[in-house]
Amino acid sequence: MDFASPLLQLVKELWGLAKKPLGYIYFLKDNVDSLKNATEDLKAVSYDVKKRVEREEKEERALRTKQVATWLGKVQEFVSRVDQVLRDAGERDQIKCLSRCLPPNCWSGYKLGKRVNQMLNEARELPPKEGEFDTVTSPLPPPRVLGMPMDKTVGLDSSFKKVWEWLVDKKQVGMIGLYGIGGVGKTTLMKRINEELSRANHGFDVVIWVVVSRQVNKDRIQDAIRKRLDIEDELWKGWSWDERVHHLRKDLNKKKFVLLIDDLWGRLDLPKIGVPRPSPENGSKVVFTTRSEQVCDQMAAEKTFKVQCLMPEEALELFENNVGKPNVHSHPNIPELAKDIVRECKGLPLALITVGQAMAGRKDPHEWKHALTTLRNNPYKLSDMVDEVYHILEFSYNSLNDSTAQLCFLYCCLFPEDYPIITDELIELWIGEGLLGDINDLYSMRDKGKYVLGSLEMACLLESVRDEDEESWVKMHDVIRDMATWIAHDHGKRENKLLVIEKDEDMSEDLVFKWGESKKVSLWGKWIRNIDKKPPQCSQLETLFVRETEVTFMPKGFFDSMTACLAVLNLSSNGNIESFPEGICNLINLRYLNLSVTGISELPKEIKNLTRLRWLLLDDMLKGNVLIPTGAITSLPLNVFSQWNFNQWKLEELMGEWGGVKEEETVEELKEEEMVEELGCMQHLTDLSICVHESSSAQKIFQSPNLRRRIRRACIDNRNGNLTSIVINYSPASTNGFSHLETLCLFQYTELSEMKITQRIGQAPNYFCFPNLVDVWVKRCGLLDLSWLVHAPKLRKLTVTFCESMEKIIGDGFAREELAASGLFSRLESLRLIGLPKLTSICDQTLSFPQGVRFFIVNCPGLRKLPLDSSSARGSFEVEGDKRWWTWAEFEWDPTARVTLQLDEMEGPAKEMTFGEAARKVKDESRYAGKIGFLPRGGPSE
């Protein structure tokens with residue numbers, strides 16, 4: 001017993017040691033089966049979780065949580081290990097335990113069984129606990145750039161390149177404004193920028209796109225920004241306005257952002273909604289689109305870019321893209337019709353796309369002809385034109401928020417397509433129509449007209465143009481004009497309310513009958529040769545233009561049906577009309593009468609019947625000054641009288657510069673002095689433009705206080721030369737200055753040697769006798785200098801030609817401080833000096849000229865220097881002179897300064913180079929003249 005107990009104890013202990021390893025071997029088969037089942041269950045759970053994750057990632061733009069991603073990775077790795085173990089188990093022929101035969105290799109069976117047992121325990125631990133995977137994904141952070149659908153762009157490459165340079169390469173440019181008319185492609189250009197930013201990393205952390213539209217919703221703008229910054233909904237909803245502004249500013253200050261703002265209609269105060277202003281320090285950028293150039297200024301944009309209409313080739317490509325090239329080439333006649341339709345759209349992408357889509361699928365050339373005719377005559381009737389084009393463009397019209405500006409805009413429809421409208425003439429018509437208010441305050445109305453015109457230009461409804469002579473014009477884009485005409489026709493409901501007739505065939509009896517429904521009729525152009533039909537009862541007609549036609553006379557009784565309402569009659573630029581049209585004097589409501597550039601030689605005495613006439617314009621009359629019967633106009637309530645023949649003198653001057661002056665004398669049928677006397681006595685006259693020839697008339701203009709206050713333009717042309725001196729007595733304390741004089745011309749006074757302004761003894765000098773004088777032309781006068789110009793502080797243009805005695809422009813006797821106080825030449829834009837053989841100096845003192853001033857010097861051998869120094873010529877300026885002047889002139893300048901050079905004007909565009917190189921080329925290579933443009937940097941060496 002004593003012997004058996006220890007032995008039994010030993011056996012038990014040995015069994016305890018051997019039981020577990022033997023179990024690995026003995027229960028291997030059962031454990032393998034259990035592992036298979038557990039693994040299948042685990043794979044099923046994993047499959048369900050993975051599918052849920054993938055669905056949420058796809059549908060909700062979410063990212064699987066790190067916990068789920070780790071677990072799925074563990075399961076995948078575990079299943080791989082299980083597969084290997086099961087393969088190892090399958091390679092054994094049989095698995096037996098103690099009661100059966102032990103396998104030949106007990107050690108390998110032991111190791112395999114131990115692995116299976118461990119993995120079985122692991123399989124029991126891997127399944128997720130209850131609620132562990134209720135959330136399997138979290139929202140993705142917003143992408144750096146949101147892609148936007150867009151078609152292939154046409155004609156935007158150069159525009160994109162310029163804006164892209166400012167956006168990516170120019171650190172100092174933070175705010176960029178893109179402006180242009182509606183439908184021109186501003187948004188498309190912005191989408192192109194957004195697309196390019198999404199293609200590569202250009203160093204910006206986030207690109208934010210915001211659409212503003214006309215009704216600004218700051219909450220919606222903020223919401224769009226915060227979503228791109230990944231600020232959670234619940235947080236956002238709980239914040240006040242100030243808290244939202246604070247958090248937006250805080251987050252954006254941490255990022256280098258690009259904010260793309262589309263369709264901006266007014267100033268948006270970015271800091272007030274939480275957007276820090278872009279700067280070189282933060283590297284951020286703001287790009288916005290707008291229809292108004294003014295908005296670019298209001299937003300303080302460092303760079304602005306006007307998005308232009310497409311060129312003809314680009315326009316045709318865009319049109320074909322929308323109509324389908326197979327359709328365009330489906331019939332031999334269609335390609336040419338397509339080009340005509342494209343020309344009517346004038347490069348406006350919105351119109352090209354709309355018309356192109358309307359013509360898609362149409363392969364019959366008759367359909368294309370109909371579309372072209374409709375587009376030319378009644379474009380609003382073309383499919384989708386109103387909804388897709390006019391309504392969009394009308395937003396610009398509605399955004400004016402000013403009925404006066406809207407009426408002035410619609411008035412431009414009276415001018416033909418593509419017609420360059422002289423801005424001063426347009427404003428005068430607005431005033432004459434009464435669109436700007438009280439005509440008695442004429443000069444304020446002109447200022448208001450300029451303001452309205454600026455509003456229309458900044459809204460891109462009119463386009464400003466300047467010609468070579470610095471004349472200012474405006475034009476309407478054809479599609480804009482079509483939209484305006486549609487509005488003027490009560491949105492297409494009254495087609496005859498406004499008529500513009502440019503063809504002789506439109507003067508048929510049936511079409512003239514439509515005048516009975518019209519308020520405004522415009523006959524315009526050389527194709528109108530005859531007016532042989534008397535219109536019907538025109539009881540509503542308020543405005544009638546007959547301009548630039550070949551008409552020779554108006555039929556008897558033509559005006560009889562217009563007496564009730566006709567207020568504006570413009571017959572200008574009809575050279576074949578030589579007699580005053582009968583019936584005009586019966587238009588008792590007429591306020592505005594323009595007979596300029598006609599062959600009419602005299603007015604009838606019955607003109608005194610026009611008791612409401614405020615404007616009478618007789619400019620550039622083809623037979624010289626019109627004969628006006630004594631007393632015929634003195635009783636009229638005229639505010640404006642103009643007998644201005646400046647264009648004739650201008651033509652003579654251009655001839656005289658290079659080849660002698662036309663010296664035909666005007667037959668003086670007028671008792672000129674008597675007429676000037678009458679004009680001085682007219683009670684309501686506030687705006688007088690006149691050209692006189694007699695010395696006595698000239699003296700009255702300079703001496704009469706009434707004429708001084710009223711005259712706006714004066715041309716004194718006396719070829720007999722019997723006026724030797726002009727003395728103007730001026731007292732600053734009184735109102736006897738030339739308060740409204742804008743243009744003064746002194747021609748042909750070869751004996752005139754003195755013109756001076758005297759002030760009362762003891763008074764301090766006051767240099768404002770001509771406070772509004774902007775344009776002076778002196779030709780063939782005997783004056784030694786033009787020192788009286790110190791009284792013209794706003795002078796912009798000065799032309800002095802063929803004055804053989806002229807020695808200086810500004811004479812001696814002025815201290816530099818006096819000239820500075822007078823503002824002499826501080827606003828000068830151009831100074832033209834031609835044929836002045838004795839001229840030695842413009843001014844002995846250096847003067848302060850504005851940036852961009854232009855000097856034109858021809859045949860002035862004694863003029864060697866310009867009155868410039870390093871402080872007065874910091875900005876850009878331009879000097880054009882004949883070859884001899886450049887050779888004679890002692891014009892010293894830093895030879896390394898950058899300039900532009902153009903030789904002989906028509907010899908190609910200007911090229912940039914150093915001044916030293918430009919001076920040499922003018923002397924050695926030019927045939928006649930050279931124009932050197934001095935850039936803002938650098939300065940004179942003297």
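Residues numbered from 1 in each chain as written. Predicted model: local features only at pLDDT ≥ 70, side-chain atom pairs only at ≥ 80, totals over all residues. Heavy atoms only, no water.

Peer 1: How do you make sense of the overall build of the protein chain when you look at a structure like this?
Peer 2: Helix and strand counts for the protein chain stand at 29 helices and 30 strands. Per-residue burial for the protein chain yields a buried fraction of 50% across its 942 residues. Of all intrachain contacts in the protein chain linking residues separated by at least 6 positions in sequence, the fraction that spans at least 24 positions is 68%. (Helix = DSSP H or I, 4+ residues; strand = E, 2+ residues; numbered from the N terminus. Buried < 20%, exposed > 50% of the residue type's maximum accessible area, 1.4 Å probe, protein only. Contact = heavy atoms within 4.5 Å.)

Peer 1: What is the right way to look at the packing of helix α17 (residues 385–398) against helix α21 (residues 478–488) in this model?
Peer 2: Each packed pair of helices is defined by two parameters, the angle between the axes and the distance between the axes. Between α17 and α21, the shortest axis-to-axis distance is 10 Å and the interhelical angle comes to 85 degrees. If you check the angle between α17 and α21, you find them roughly perpendicular. Along its contact with α17, which presents V386, V389, Y390, H391, L393, E394 and Y397, the element α21 presents V479, I480, D482, M483, W486 and I487. Per-class residue counts for the contact of α17 with α21 are 10 nonpolar, one polar and two charged. (Axes fitted to C-alpha atoms, helices over the stretch in contact; angles between N-to-C directions. Parallel < 35°, antiparallel > 145°, perpendicular 65-115°, else oblique. Nonpolar A, V, L, I, M, F, W, Y, C, P; charged D, E, K, R; others polar.)

Peer 1: So what exactly am I meant to see when it comes to the nonpolar core here?
Peer 2: The tendency in soluble globular proteins is for nonpolar side chains to be buried side by side. Grouped together as the largest cluster of nonpolar side chains are 128 residues, with contacts concentrated most on W515, L544, I633, W788, L798, I809 and F825. Among the elements that make up this core, the one with the highest residue count is helix α29 (residues 915–925) (four residues). Listed in part, the 127 residues of the second largest apolar core include V163, L189, L270 and C413. (Core = buried A, V, L, I, M, F, W, Y, C linked by side-chain atoms within 4.5 Å.)

Peer 1: How should I be thinking about the sheet that holds strand β6 (residues 285–290) in this particular structure?
Peer 2: Across a sheet, strands are paired by hydrogen bonds formed along the backbone, either parallel or antiparallel in direction. The five strands are arranged β4-β5-β6-β3-β7 in an open sheet whose pairing can be described as parallel. Only two strands of the sheet have a single partner each, and these edge strands are β4 (206–211) and β7 (303–306). Going from strand to strand, the sheet's axes swing by 15 degrees on average, the running direction of each strand aside. Inspection of the sheet shows strand β3 (residues 175–179) paired to β6 by five bridges, in the parallel sense. The partner of L178 across the bridge, within β6, is T289. Of the strands in this sheet, β3, β5 (257–264), β6 and β7 are in contact with helix α5 (residues 157–169), which crosses β7 at around 170 degrees. (Pairing = 2+ DSSP bridges.)

Peer 1: Looking at this model, I keep getting lost on the side chain of D687. Mind explaining?
Peer 2: Among the secondary structure elements, D687 is positioned in strand β18 (residues 687–692). A polar side-chain atom of D687 sits 2.8 Å from a polar atom in the side chain of R712. Filtering out sequence-adjacent residues up to four positions away, D687 remains in contact with L442, Y443, R446, N639, V640, F641, R710 and R712. (Polar contact = N/O pair within 3.5 Å; in protein donor to acceptor, adjacent residues only side chain to side chain.)

Peer 1: It is not clear to me how the sheet that holds strand β8 (residues 421–422) should be interpreted in this structure. Could you clarify?
Peer 2: The sheet built from three strands is open, its strands ordered β8-β10-β9 with antiparallel pairing. Where the open sheet ends on each side, the last strands, each with one partner, are β8 and β9 (463–466). Bridging between β8 and strand β10 (residues 472–475) involves two bridges; their strand directions are antiparallel. Residue pairing across strands places I421 opposite V474, the latter belonging to β10.

Peer 1: Honestly, the pairing of strand β13 (residues 543–547) in this entry has me stumped. Any pointers?
Peer 2: Walk down a regular strand and you will see the side chains alternate between the two sheet faces. Counting buried positions along β13 gives five out of five residues, so the element sits mostly inside the fold. Side chains T543, F545 and R547 of β13 all project onto a buried face; the interleaved residues L544 and V546 project onto the opposite face, where all are buried too. Bridging between strand β12 (residues 520–524) and β13 involves five bridges; their strand directions are parallel. When the bridges of β13 are listed, L523 appears paired with V546.

Peer 1: How should the confidence of the model for the protein chain be read in this particular structure?
Peer 2: Detail in the predicted coordinates should be disregarded across regions flagged by low pLDDT. Scored by pLDDT, the protein chain comes out at a mean of 84, with 88% of its residues at no less than 70. Every residue in residues 653–670 is under pLDDT 50, and counting partners more than four places away or in other chains gives 30 contacts. (pLDDT = per-residue confidence, 0-100.)

Peer 1: Got a minute to help me understand the pattern of salt bridges in this structure?
Peer 2: When charged atoms on two side chains of opposite charge get close, those side chains can pair. The full count for this structure, using the stated rule, is 43 salt bridges. Close ionic contact of R343 with E336 constitutes a salt bridge, the shortest N to O distance being 3.9 Å. Using a relative accessible area of 47% as the deciding quantity, one classes R343 as partly exposed. Among the residues examined, E336 registers a relative accessible area of 44% and is labelled partly exposed. For D844, the salt bridge is made with K808, and the minimal N-O distance between the two is 2.6 Å. With D844 in the loop between β25 (830–834) and β26 (853–858) and K808 in the loop between β24 (797–801) and α27 (816–822), this pair connects stretches of sequence that are 36 residues apart. Classification of K808 by relative accessible area gives buried; the value is 19%. What you see here is one network of salt bridges that share partners, running through E428, R446, D687, R712 and E742. (Salt bridge = Lys/Arg side-chain N within 4 Å of Asp/Glu carboxyl O.)

Peer 1: Hey, could you run me through the packing of aromatic side chains in this one?
Peer 2: The geometry of two aromatic rings is summed up by the distance between their centres and the angle between their planes. Taken as a whole, this structure holds 24 aromatic pairs when the rule is applied. Both rings, one in Y390 and one in W486, keep their centres 5.4 Å apart while their planes meet at 40 degrees; by these two values the pair is tilted. Remark: W486 occurs in helix α21 and Y390 occurs in helix α17; sequence separation between them is 96 residues. Each member of the pair, Y390 as well as W486, carries the same accessibility label: buried. Ring centres of Y397 and F409 lie 6.0 Å apart, and the angle between their planes is 45 degrees; on these two criteria the pair is classed as tilted. Residue Y397 is located in helix α17, and its partner F409 is located in helix α18 (residues 403–411); the two are separated by 12 residues in the primary sequence. Note on accessibility: Y397 and F409 belong to one class, buried. An aromatic cluster of three or more residues is present, and its members are Y411, F415, Y419, W524 and F545. For the cation-ring pair, K779 lies above F747, with the distance from its terminal atom to the ring centre recorded as 4.7 Å. Taking NZ or CZ as reference, R780 lies 4.8 Å from the ring centre of F802, over its face. (Phe/Tyr/Trp six-rings, centres within 6.5 Å; stacked < 30°, edge-to-face > 60°. Lys NZ or Arg CZ within 6 Å of the ring centre and 35° of its normal.)

Peer 1: Help me understand α5 in this model?
Peer 2: Three or four residues apart is the spacing at which side chains of an α-helix point the same way, because the helix has 3.6 residues per turn. For α5, built from 13 residues, the straight-helix expectation of 18 Å at 1.5 Å per residue is met to within 8% by its first-to-last C-alpha distance of 17 Å. Within the span of α5, buried status applies to S159, F160, V163, W164, W166 and L167. Of the surrounding secondary structure, the elements contacted by the buried residues of α5 are β3, α6 (186–199), β5, β6 and β7. (Expected span 1.5 Å × (residues − 1).)

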